[in-house]
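Listed below are the residues making up each chain.
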Amino acid sequence: MSGWQLATVTDVLHPAPGFVRVRLDVPDRSSGLPGQHYVVRLRAEDGYTAQRSYSLASDPEDPQIELLVEQMPDGEVSGHLHQVLKPGDQVEVRGPVGRWFTWSGEEPAIAMAGGSGLVPIIAMMRWAVRHGRTDDLRVVAVGRTWELLPYAEELEAYGAFIALTQENRIDATGVERVSAPPYPDEVTPLVEGTERAYVCGSVGFVSYASRLLGESGVRADTIRVEQFGATG
(Lines give C-alpha, C1' and ligand atoms only; values in the text may rest on other atoms or scores of the structure.)
Protein backbone atom coordinates (compact mmCIF):
# COMPACT_ATOMS: atom_id res chain seq x y z
CA MET A 1 0.00 0.00 0.00
CA SER A 2 1.34 3.41 -0.94
CA GLY A 3 0.91 6.69 0.93
CA TRP A 4 -1.58 9.41 0.09
CA GLN A 5 -1.77 10.33 -3.60
CA LEU A 6 -3.71 12.87 -5.61
CA ALA A 7 -6.22 11.21 -7.92
CA THR A 8 -8.02 12.95 -10.77
CA VAL A 9 -11.70 12.26 -11.39
CA THR A 10 -12.25 11.12 -14.97
CA ASP A 11 -15.92 10.11 -14.88
CA VAL A 12 -18.93 10.46 -12.57
CA LEU A 13 -22.14 8.54 -13.27
CA HIS A 14 -25.34 7.91 -11.32
CA PRO A 15 -26.30 4.41 -12.54
CA ALA A 16 -29.13 3.86 -10.03
CA PRO A 17 -30.95 5.84 -7.35
CA GLY A 18 -28.68 6.33 -4.37
CA PHE A 19 -25.47 5.23 -6.11
CA VAL A 20 -22.64 7.11 -7.78
CA ARG A 21 -19.91 5.50 -9.88
CA VAL A 22 -16.59 7.33 -9.82
CA ARG A 23 -13.55 6.57 -11.96
CA LEU A 24 -10.21 7.97 -10.90
CA ASP A 25 -6.80 8.25 -12.51
CA VAL A 26 -4.13 7.47 -9.89
CA PRO A 27 -0.58 8.01 -11.18
CA ASP A 28 1.88 5.18 -10.53
CA ARG A 29 -0.58 3.25 -8.39
CA SER A 30 0.05 -0.25 -7.06
CA SER A 31 -2.01 -2.88 -8.90
CA GLY A 32 -3.22 -4.83 -5.84
CA LEU A 33 -5.70 -7.72 -5.74
CA PRO A 34 -9.41 -8.06 -6.58
CA GLY A 35 -11.47 -7.36 -3.46
CA GLN A 36 -9.29 -4.65 -1.96
CA HIS A 37 -10.38 -1.10 -1.14
CA TYR A 38 -9.11 2.47 -1.22
CA VAL A 39 -9.38 5.22 1.37
CA VAL A 40 -10.72 8.50 -0.04
CA ARG A 41 -9.90 11.72 1.80
CA LEU A 42 -11.56 15.08 1.19
CA ARG A 43 -9.83 18.27 2.27
CA ALA A 44 -11.60 21.60 2.83
CA GLU A 45 -9.98 24.98 2.26
CA ASP A 46 -9.62 25.46 6.03
CA GLY A 47 -7.67 22.18 6.31
CA TYR A 48 -10.52 20.06 7.70
CA THR A 49 -10.43 16.51 6.37
CA ALA A 50 -12.88 13.62 6.21
CA GLN A 51 -12.14 10.13 4.91
CA ARG A 52 -13.91 6.87 4.19
CA SER A 53 -12.93 3.47 2.77
CA TYR A 54 -14.58 2.22 -0.41
CA SER A 55 -14.19 -1.12 -2.17
CA LEU A 56 -12.85 -1.19 -5.70
CA ALA A 57 -15.08 -2.36 -8.53
CA SER A 58 -12.16 -2.23 -10.97
CA ASP A 59 -9.84 -5.20 -11.33
CA PRO A 60 -6.10 -4.62 -10.79
CA GLU A 61 -5.30 -4.44 -14.51
CA ASP A 62 -7.77 -1.65 -15.20
CA PRO A 63 -5.71 1.49 -15.97
CA GLN A 64 -7.97 3.46 -13.60
CA ILE A 65 -9.73 2.68 -10.34
CA GLU A 66 -13.51 2.53 -10.08
CA LEU A 67 -15.61 3.08 -6.98
CA LEU A 68 -19.36 2.64 -6.56
CA VAL A 69 -20.55 4.61 -3.55
CA GLU A 70 -23.94 4.42 -1.90
CA GLN A 71 -25.14 7.69 -0.44
CA MET A 72 -25.65 7.43 3.31
CA PRO A 73 -28.08 9.65 5.25
CA ASP A 74 -26.08 12.74 6.27
CA GLY A 75 -22.98 11.07 4.82
CA GLU A 76 -20.12 13.55 4.84
CA VAL A 77 -17.97 11.93 2.17
CA SER A 78 -20.62 10.02 0.23
CA GLY A 79 -22.74 13.19 0.05
CA HIS A 80 -19.86 15.12 -1.53
CA LEU A 81 -19.18 12.33 -4.03
CA HIS A 82 -22.86 12.24 -5.01
CA GLN A 83 -23.68 15.93 -5.12
CA VAL A 84 -20.47 17.87 -5.73
CA LEU A 85 -17.79 15.75 -7.39
CA LYS A 86 -17.23 16.27 -11.13
CA PRO A 87 -14.69 15.21 -13.77
CA GLY A 88 -11.44 17.09 -13.38
CA ASP A 89 -11.69 17.36 -9.59
CA GLN A 90 -8.92 15.92 -7.47
CA VAL A 91 -9.21 13.89 -4.26
CA GLU A 92 -6.64 12.26 -2.02
CA VAL A 93 -6.55 8.46 -2.03
CA ARG A 94 -4.54 5.74 -0.33
CA GLY A 95 -4.43 2.09 -1.26
CA PRO A 96 -4.99 -0.60 -2.19
CA VAL A 97 -5.79 -1.83 1.33
CA GLY A 98 -6.65 -5.29 2.67
CA ARG A 99 -5.62 -8.84 1.83
CA TRP A 100 -8.19 -10.95 3.69
CA PHE A 101 -11.15 -10.40 1.37
CA THR A 102 -9.37 -10.98 -1.94
CA TRP A 103 -9.57 -13.56 -4.71
CA SER A 104 -7.41 -14.01 -7.77
CA GLY A 105 -8.05 -17.59 -8.78
CA GLU A 106 -6.28 -19.41 -5.93
CA GLU A 107 -9.18 -21.88 -5.65
CA PRO A 108 -12.75 -22.27 -6.94
CA ALA A 109 -15.01 -19.94 -4.98
CA ILE A 110 -18.57 -18.78 -4.51
CA ALA A 111 -19.37 -15.16 -3.69
CA MET A 112 -22.64 -13.90 -2.25
CA ALA A 113 -23.35 -10.21 -1.84
CA GLY A 114 -26.16 -7.71 -1.58
CA GLY A 115 -26.49 -4.03 -2.45
CA SER A 116 -23.24 -2.08 -2.42
CA GLY A 117 -21.61 -5.20 -0.99
CA LEU A 118 -21.45 -6.38 -4.59
CA VAL A 119 -18.67 -3.91 -5.41
CA PRO A 120 -15.63 -6.05 -4.42
CA ILE A 121 -17.31 -9.06 -6.05
CA ILE A 122 -17.51 -7.10 -9.30
CA ALA A 123 -13.73 -6.64 -9.13
CA MET A 124 -13.29 -10.40 -8.70
CA MET A 125 -15.70 -11.04 -11.59
CA ARG A 126 -13.82 -8.67 -13.87
CA TRP A 127 -10.54 -10.37 -13.00
CA ALA A 128 -12.11 -13.76 -13.78
CA VAL A 129 -13.39 -12.52 -17.15
CA ARG A 130 -10.05 -10.95 -18.05
CA HIS A 131 -8.17 -14.18 -17.26
CA GLY A 132 -10.70 -16.71 -18.56
CA ARG A 133 -11.46 -18.04 -15.08
CA THR A 134 -15.22 -17.48 -14.87
CA ASP A 135 -15.84 -21.17 -14.11
CA ASP A 136 -13.85 -20.71 -10.90
CA LEU A 137 -16.03 -17.94 -9.45
CA ARG A 138 -19.77 -18.40 -8.96
CA VAL A 139 -21.73 -15.34 -7.91
CA VAL A 140 -25.03 -14.93 -6.06
CA ALA A 141 -26.31 -11.35 -6.20
CA VAL A 142 -29.19 -10.12 -4.05
CA GLY A 143 -31.04 -6.85 -4.53
CA ARG A 144 -34.43 -5.34 -3.80
CA THR A 145 -35.25 -4.50 -7.44
CA TRP A 146 -33.48 -4.66 -10.79
CA GLU A 147 -33.12 -0.87 -10.84
CA LEU A 148 -31.49 -0.85 -7.41
CA LEU A 149 -29.14 -3.78 -8.05
CA PRO A 150 -25.63 -2.42 -8.67
CA TYR A 151 -24.09 -3.62 -11.94
CA ALA A 152 -27.23 -5.61 -12.76
CA GLU A 153 -26.54 -5.99 -16.49
CA GLU A 154 -22.91 -6.95 -15.91
CA LEU A 155 -23.97 -9.54 -13.33
CA GLU A 156 -26.51 -11.01 -15.74
CA ALA A 157 -23.96 -11.16 -18.58
CA TYR A 158 -21.52 -12.93 -16.26
CA GLY A 159 -24.10 -15.60 -15.44
CA ALA A 160 -24.58 -14.69 -11.79
CA PHE A 161 -27.59 -16.07 -9.95
CA ILE A 162 -29.72 -13.01 -9.25
CA ALA A 163 -32.38 -12.90 -6.54
CA LEU A 164 -34.63 -9.85 -6.22
CA THR A 165 -36.56 -9.51 -2.98
CA GLN A 166 -39.17 -6.91 -3.97
CA GLU A 167 -40.07 -7.74 -7.56
CA ASN A 168 -40.46 -10.81 -9.75
CA ARG A 169 -37.90 -11.31 -12.49
CA ILE A 170 -37.78 -13.23 -15.76
CA ASP A 171 -34.22 -14.39 -16.42
CA ALA A 172 -32.41 -14.72 -19.74
CA THR A 173 -33.87 -18.19 -20.29
CA GLY A 174 -37.44 -16.96 -19.88
CA VAL A 175 -37.94 -18.49 -16.43
CA GLU A 176 -39.76 -16.31 -13.90
CA ARG A 177 -38.51 -16.17 -10.33
CA VAL A 178 -40.83 -14.73 -7.70
CA SER A 179 -39.49 -12.04 -5.37
CA ALA A 180 -37.62 -13.72 -2.51
CA PRO A 181 -34.12 -14.13 -1.09
CA PRO A 182 -32.14 -17.09 -2.42
CA TYR A 183 -33.22 -20.53 -1.19
CA PRO A 184 -30.83 -23.32 -0.16
CA ASP A 185 -31.89 -25.50 -3.10
CA GLU A 186 -30.94 -22.65 -5.47
CA VAL A 187 -27.54 -22.10 -3.90
CA THR A 188 -26.50 -25.71 -3.25
CA PRO A 189 -25.69 -26.53 -6.92
CA LEU A 190 -23.47 -23.43 -7.09
CA VAL A 191 -21.54 -24.49 -3.99
CA GLU A 192 -20.49 -27.86 -5.38
CA GLY A 193 -16.76 -27.98 -6.13
CA THR A 194 -15.92 -24.67 -4.45
CA GLU A 195 -13.29 -24.38 -1.75
CA ARG A 196 -13.85 -20.85 -0.49
CA ALA A 197 -16.78 -18.48 -0.03
CA TYR A 198 -17.03 -14.70 0.13
CA VAL A 199 -19.89 -12.79 1.73
CA CYS A 200 -20.24 -9.01 1.62
CA GLY A 201 -23.03 -6.67 2.69
CA SER A 202 -24.74 -5.18 5.69
CA VAL A 203 -24.54 -6.81 9.12
CA GLY A 204 -27.97 -8.38 8.67
CA PHE A 205 -27.22 -9.61 5.17
CA VAL A 206 -23.90 -11.14 6.20
CA SER A 207 -25.59 -13.09 8.98
CA TYR A 208 -28.28 -14.36 6.61
CA ALA A 209 -25.90 -15.22 3.77
CA SER A 210 -23.41 -17.04 6.01
CA ARG A 211 -26.23 -19.14 7.44
CA LEU A 212 -27.59 -19.89 3.96
CA LEU A 213 -24.19 -20.96 2.67
CA GLY A 214 -23.78 -23.24 5.67
CA GLU A 215 -27.18 -24.83 4.95
CA SER A 216 -26.02 -25.28 1.35
CA GLY A 217 -22.91 -27.23 2.32
CA VAL A 218 -20.21 -24.59 2.81
CA ARG A 219 -17.89 -25.12 5.77
CA ALA A 220 -17.85 -22.15 8.14
CA ASP A 221 -14.05 -21.99 8.17
CA THR A 222 -13.96 -21.36 4.41
CA ILE A 223 -16.23 -18.28 4.51
CA ARG A 224 -14.58 -14.87 4.34
CA VAL A 225 -16.77 -11.98 5.40
CA GLU A 226 -16.73 -8.25 4.81
CA GLN A 227 -19.52 -6.22 6.34
CA PHE A 228 -20.31 -2.55 6.61
CA GLY A 229 -22.47 -0.20 8.60
CA ALA A 230 -24.22 3.07 7.81
CA THR A 231 -21.21 5.40 7.76
CA GLY A 232 -20.63 7.71 4.88
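See the structure shown above.
Residues numbered from 1 in each chain as written. Predicted model: local features only at pLDDT ≥ 70, side-chain atom pairs only at ≥ 80, totals over all residues. Heavy atoms only, no water.

## Structural notes on the overall build of the protein chain
Inclusion rule: Secondary structure follows DSSP: runs of H or I at least 4 residues long count as helices, runs of E at least 2 residues long count as strands, and numbering of each begins at the N terminus. Throughout this description, buried means an accessible area under 20% of the type-specific maximum (1.4 Å probe, protein chains only), exposed means over 50%, and partly exposed covers the range between. Residue contacts follow a heavy-atom distance rule, with two residues in contact if any of their heavy atoms lie within 4.5 Å. To measure how exposed things are, a 1.4 Å probe is used in the Shrake-Rupley method; for residues, cover is taken only from the protein chains shown.
Along its length, the protein chain carries five helices and 13 strands. With respect to the three principal axes, the spread of C-alpha positions in the protein chain is 55 × 35 × 30 Å. When each of the 232 residues of the protein chain is scored for burial, the buried share is 50%. Contacts in the protein chain between residues at least 24 apart in sequence constitute 65% of all its contacts with a sequence separation of at least 6. For the protein chain, the computed accessible surface area is about 10,800 Å², with 49% contributed by carbon and sulfur atoms.

## Concerning the sheet that holds strand β13 (residues 223–228)
Applied cut-off: At least two bridges found by DSSP between two strands are what make those strands a pair. Helix axes are fitted to C-alpha atoms over the stretch in contact, other axes to C-alpha atoms as well, and angles between N-to-C directions run from 0 to 180 degrees.
The five strands lie next to each other as β9-β8-β7-β12-β13, forming an open sheet whose pairing is parallel. On the outer flanks of this sheet lie β9 (161–164) and β13, each paired with one strand and no other. Each strand of the sheet is rotated relative to its neighbour by a mean of 10°, with strand direction disregarded. Of the strand pairs in this sheet, strand β12 (residues 196–202) and β13 are connected by six bridges, and their pairing is parallel. Counted as the bridge partner of Gly201 is Gln227 from β13. Helix α5 (residues 203–215) contacts β7 (109–114), β8 (137–143), β12 and β13 of the sheet and is inclined by roughly 155° relative to β12.

## Observations concerning the sheet that holds strand β2 (residues 19–25)
Here six strands make up an open sheet; going across it, the order is β4-β3-β6-β1-β2-β5 and the pairing antiparallel. Pairing within the sheet leaves two strands with one partner each, and these edge strands are β4 (49–55) and β5 (65–70). Direction aside, neighbouring strands of the sheet carry axes that sit 40° apart on average. Strand direction decides the pairing type here: β2 and β5, joined by six bridges, are antiparallel. Counted as the bridge partner of Val22 is Leu67 from β5.

## A few points about the packing of aromatic side chains
Put simply, the rule reads: Note on aromatic pairs: the rings of Phe, Tyr and Trp (six-membered ring only in Trp) are paired at centre separations within 6.5 Å, and the planes decide the class, stacked below 30 degrees, edge-to-face beyond 60, tilted for the rest. Geometrically, a charge over a ring is one whose NZ (Lys) or CZ (Arg) sits within 6 Å of the ring centre while staying within 35 degrees of the ring normal.
Within this structure, the stated rule accounts for three aromatic pairs. Arg41 extends its terminal NZ or CZ atom over the ring of Trp4, reaching a point 3.9 Å from the ring centre. The cationic tip of Arg224 hangs over the ring face of Trp100; the distance from NZ or CZ to the ring centre is 4.2 Å.

## Considerations on helix α2 (residues 119–130)
As a reminder, the rule being used: How far a helix is expected to stretch is found by multiplying one less than its residue total by 1.5 Å.
Here α2 spans 17 Å end to end across 12 residues, near enough to the 16 Å set by a 1.5 Å rise per residue. Counting buried positions along α2 yields 10 of 12 residues, so the element is predominantly enclosed. With its phi angle positive at about 65°, Gly132 sits one or two positions after the end of α2.

## With respect to the packing of helix α4 (residues 184–191) against α5
As a reminder, the rule being used: An angle counts as roughly parallel when it lies under 35 degrees, as roughly antiparallel when it exceeds 145, as roughly perpendicular when it falls between 65 and 115, and as oblique in every other case. Should the near helix be turned counterclockwise from the far one by less than a right angle, the crossing is left-handed, whereas a clockwise turn marks it as right-handed. In this count, Pro and Cys sit with the nonpolar residues alongside Ala, Val, Leu, Ile, Met, Phe, Trp and Tyr, while Asp, Glu, Lys and Arg are called charged and the others, Gly among them, polar.
Relative to each other, α4 and α5 sit at 70°, their axes nearing to 9 Å. Considering their axes alone, α4 and α5 lie roughly perpendicular with respect to each other. Viewed along their axes, α4 and α5 form a crossing whose handedness is right-handed. Across the interface between the two elements, Pro184, Val187 and Val191 from α4 touch Leu212, Leu213 and Glu215 from α5. Tallied by class, residues from the contact of α4 with α5 come to five nonpolar, no polar and one charged.

## Digging into the pairing of strand β1 (residues 5–16)
Relative to strand β6 (residues 90–97), β1 runs antiparallel, the two sharing four bridges. Note on β6: the bridge partner recorded for Ala7 is Val91. Pairing analysis gives six bridges linking β1 to β2, with the strands arranged antiparallel. Each bridged residue has a counterpart across the sheet, and for Leu13 the counterpart in β2 is Arg21.

## Description of the pattern of salt bridges
The condition is simple: A pairing counts as a salt bridge when a side-chain nitrogen of Lys or Arg comes within 4 Å of a carboxyl oxygen of Asp or Glu.
Evaluated as defined, the whole model comprises 15 salt bridges. Glu92 serves as the salt-bridge partner of Arg41, at 2.6 Å between the closest nitrogen and oxygen. Taken together, the residues Arg41 in strand β3 (residues 37–43) and Glu92 in strand β6 connect sequence positions 51 residues apart. Taking the shortest distance from any N to any O, the salt bridge between Arg126 and Glu66 comes out at 3.3 Å. One end of the pair, Arg126, is in helix α2; the other, Glu66, is in strand β5, and 60 residues separate them in sequence. Glu66 carries the same exposure label as Arg126, and that label is buried.

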